[in-house]
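Coordinate analysis (summary)
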Amino acid sequence: MRKLLRPTAFVDAPFGYDGQVARLAGGLSWFSAVEILTVDGQRRSASELVGVADIEDRLDDDTARQWAALTGPRAPLQLGQRTIRLDQPQVMGILNVTPDSFSDGGRFADAAAAAEAGADLAGQGAAIIDVGGESTRPGASPVWVGDEIERVVPVVRILAGGGAAVSVDTRKSEVMSAALDAGASLINDVSALTFDPRSAGVAAAAGVPVLLMHHQGEPQAMQDDPRYDDVLVAIYLWLEERIAAATAAGIERSNLLIDPGFGFGKSVAHNLELMNGLALFHSLGCPLVIGASRKRTIGALANEAPPGQRLGGSLAFALKAAEQGAQIIRVHDVPETVQALRIWRGLRDQALTPRN
Ligand code: 7PJ
């Protein structure tokens, strides 16, 4: 049995509430209560709501570490020449260079055109450009590594050469190596280094930040009736294990980011529970990334809107992620998301401005 701490009961500002509220991961959200989950195996056996004022008395060694991580700041992310502050939500822009991606596949005639689209995303306010050459959409078929390198590397080279912070969305060590050589500065692995046994070594040797994403099952079959005893708890424990495996393989803990993997082996109900409880994951102490952009759950909740018509739903999830303190939000629609987050930021700043 152990306990996990889920921040809840968010308040506008800390003024006048000394000791009653806490700042979430050094960001722009403050919370006044914690749901203490008692975890038995892979599920919660009890939960209890405790005010922040009373939390210190309730902590053991494990939960004291979680509390320190929940309420401590996140260091800025150094990606090549770029420093990305994580005290406010940042946008990661998706650049798919796949012929079959579900939402924008096959858009580009050549690498130069793709790189130009990536540079546009950066100009529109994306802090990081996530370049992917293998579709991991539900039902997608695997891509041969040589093809993936051929698609990704020229685009990464142009974008990174132009000064953008580039991440490479891949599960394959050869693609990681080639993209890092071409100037990528972050590895985004939807398998969390489980797909290719050589990936952890490549990441450790390169010394770059690595994004570990949760998934259940392989892309081909992951949406066939996904099941969890308790989706939040299962993802938490799995990510904790993957963090331990990555550090054991020689990757610095300070170089790890985490992502609960919206849509990867999860039903609509799982995805919604995950978004509602997202702040739980901050106690793992790593920057939290989330991507719900244009995913199927939006269609499922909104008249089966096709991927190209899921902007409203994507923005709704982006704002929910910001409220829950996510540091990086991975999206297709960069200018629209940046605008939505600027409004969110204006609201937060107003609330956080003392009256006198
Ligand atoms: C994600 C991803 C995600 C991270 C994809 C799509 C499917 N990487 N790669 N998180 N999704 N870190 O873009 O809809 O949610 S591919």
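These remarks concern the structure in this document. Numbers given for residues are sequential positions, taken from 1 along each chain in its written order. Selection of residues for local features in this predicted model requires a pLDDT of at least 70, selection of side-chain atom pairs for listing and counting requires 80 or more, and totals for whole chains, interfaces and linings are taken over all residues. Calculated side-chain values reflect all of the structure's heavy atoms, with hydrogen atoms and water omitted.

For two strands to be treated as a pair, DSSP must find no fewer than two bridges joining them. To qualify as a helix, a DSSP run of H or I must reach at least 4 residues; to qualify as a strand, a run of E must reach at least 2; elements of each kind are numbered from the N terminus. Spatially, 8 strands are ordered β12-β11-β10-β9-β8-β7-β14-β13 in an open sheet, and the strand pairing comes out parallel. A single partner strand is all that each edge strand has here, and the edge strands are β12 (256-259) and β13 (289-290). Set on the sheet, helix α2 (residues 111-123) makes contact with β7 (90-96) and β8 (128-132); between it and β7 the angle comes to about 165 degrees. Whether two residues are in contact is decided by their heavy atoms: any pair within 4.5 Å suffices. Lines fitted to the C-alpha atoms define the axes, with helices restricted to the stretch that makes contact. Angles between their N-to-C directions range from 0 to 180 degrees.

Axis separation between helix α4 (residues 173-181) and helix α5 (residues 199-206) bottoms out at 8 Å; the angle between their running directions is 20 degrees. By the angle class used here, α4 and α5 are roughly parallel. Handedness of the α4/α5 crossing: right-handed. Contacts between α4 and α5 pair Ser173, Met176, Ser177 and Leu180 from the former with Ser199, Val202 and Ala206 from the latter. Three classes are used: nonpolar for Ala, Val, Leu, Ile, Met, Phe, Trp, Tyr, Cys and Pro, charged for Asp, Glu, Lys and Arg, and polar for all others, with Gly counted as polar. When the residues that make up the contact of α4 with α5 are grouped by side-chain class, the tally is 4 nonpolar, 3 polar and no charged. Roughly parallel means an angle under 35 degrees; roughly antiparallel, over 145; roughly perpendicular, 65 to 115; everything else is oblique. Crossing chirality is assigned from the near helix's rotation relative to the far helix, an anticlockwise turn below a right angle marking it left-handed and a clockwise turn marking it right-handed.

Here we take up empty space enclosed by the protein. Cavities and pockets were defined on a 1 Å grid built over protein atoms only: a cavity is a set of grid points that admits a 1.4 Å probe from which the probe cannot escape, a pocket is an open set flanked by protein on both sides within 12 Å along at least five of seven lines, and lining residues are those with an atom within 4 Å of any such point. Grid points are joined across faces, edges and corners, and a volume is the space filled by probe spheres set on the points. Going through the model one piece at a time under the given rule, you end up with 2 cavities of 30 Å³ or more. Residue classes in the lining of the largest cavity are distributed as 7 nonpolar, 5 polar and 1 charged. There are two domains that each give the lining of the largest cavity at least three residues, and those are domain 1 (2-71) and domain 2 (77-351). In this structure, the second largest cavity encloses a volume near 50 Å³. Lining the second largest cavity are Met275, Ile290, Gly291, Ala292, Ser293, Ser314, Phe317, Ala318, Ala321, Ile329, Arg330 and Val331. Counting only elements with at least two residues in the lining of the second largest cavity, the list comes to α9 (311-323) and β14 (328-331). Considering only residue class, the lining of the second largest cavity consists of 8 nonpolar, 3 polar and 1 charged. Boundaries between domains were set according to an automatic or database domain assignment.

For the rest of this paragraph, the subject is unusual backbone geometry. Across residues other than glycine, the phi torsion is negative in most instances, and most of the peptide bonds are trans. Phi is positive for Ala25, which is not a glycine, with a value near 50 degrees. Checked against the element boundaries, Ala25 lands in the loop between β2 (22-23) and β3 (30-40). Accessibility expressed as a relative area gives 1% for Ala25, which makes it buried. Backbone geometry at Ala192 places phi at a positive 55 degrees, although glycine is not the residue there. Tracing the backbone shows Ala192 in the loop between β10 (186-189) and α5. Summary of the burial criterion: residues with accessible area below 20% of their type's maximum are buried, those above 50% are exposed, and those between are partly exposed, where the area comes from a 1.4 Å probe applied to protein chains only. A relative accessible area of 0% means that Ala192 is categorised as buried.

What is meant by a nonpolar core is a set of buried Ala, Val, Leu, Ile, Met, Phe, Trp, Tyr and Cys residues, joined one to another through side-chain atoms within 4.5 Å. With 81 residues, the main nonpolar core has Val131, Leu278 and Phe281 as its most contacted residues. Counting residues per element, this core draws most heavily on helix α6 (residues 231-248), which supplies 10 residues. Counting only domains with at least three residues in this core, you end up with domain 1 (2-71) and domain 2 (77-351). If you look at the next biggest cluster of nonpolar residues, it comprises 13 residues, including Leu79, Met92, Ala127 and Leu257.

All right, on to α2 then. One less than the number of residues in a helix, times 1.5 Å, gives the span that helix is expected to have. Counted at 1.5 Å a residue, the expected span for α2 with its 13 residues is 18 Å, and the 18 Å between its end C-alpha atoms agrees. By the burial criterion, the buried members of α2 are Ala114, Ala115, Ala117, Gly118 and Leu121. When α2 is viewed along its axis, its buried side chains cluster within an angular range of 155 degrees and face the same direction. Residues of α2 that are exposed and angled more than 90 degrees away from the buried face: Glu116 and Gly123. Its buried side turned inward, α2 meets β7, β8, α3 (145-161) and α10 (334-351). Think of a polar contact as two N or O atoms within 3.5 Å of one another; within protein, one of them needs to be a possible hydrogen donor and the other a possible acceptor, and neighboring residues in sequence only count if both atoms come from side chains. With a side-chain oxygen lying 3.3 Å from the backbone nitrogen of Ala112, the N-terminal cap of α2 falls on Asp110. Taken from the helix axis, the directions to the C-beta atoms give the arc we talk about.

Where α4 is concerned, the buried positions are Ser173, Val175, Met176, Ala178, Ala179 and Leu180. Summarising the contacts, the buried residues of α4 are in contact with α3, β9 (166-169), β10 and α5. Backbone geometry just downstream of α4 places Gly183 in the positive-phi region, at approximately 115 degrees.

Each reported salt bridge corresponds to a side-chain nitrogen of Lys or Arg within 4 Å of a carboxyl oxygen of Asp or Glu. Inspection of every chain in the model, using the stated rule, returns 17 salt bridges. Across the pair Arg44 and Glu273 runs a salt bridge whose closest N-O atoms are separated by 3.6 Å. Within this pair, whereas Arg44 is found in strand β4 (residues 43-51), its partner Glu273 is found in helix α7 (residues 268-276), the two being separated by 229 residues in sequence. Because the salt bridges share partners, they merge into one network encompassing Glu134, Glu148, Arg171 and Lys172.

Near, as used in this document, describes a residue that has one of its heavy atoms within 4 Å of the molecule or strand being considered. Taken together, 12 residues surround the ligand, and among them Asp169, Asn188, Asp259, Lys295 and Arg330 come closest. Here Asp169 contributes a side-chain N or O atom positioned 3.0 Å from a nitrogen atom of the ligand. A 1.4 Å probe and the Shrake-Rupley method give the accessible areas. Residues count as covered only by the protein chains that appear here. In the complex, 95% of the free accessible area of the ligand, which totals 390 Å², lies under the protein chains. When the residues that make up the shell around the ligand are grouped by side-chain class, the tally is 5 nonpolar, 3 polar and 4 charged.

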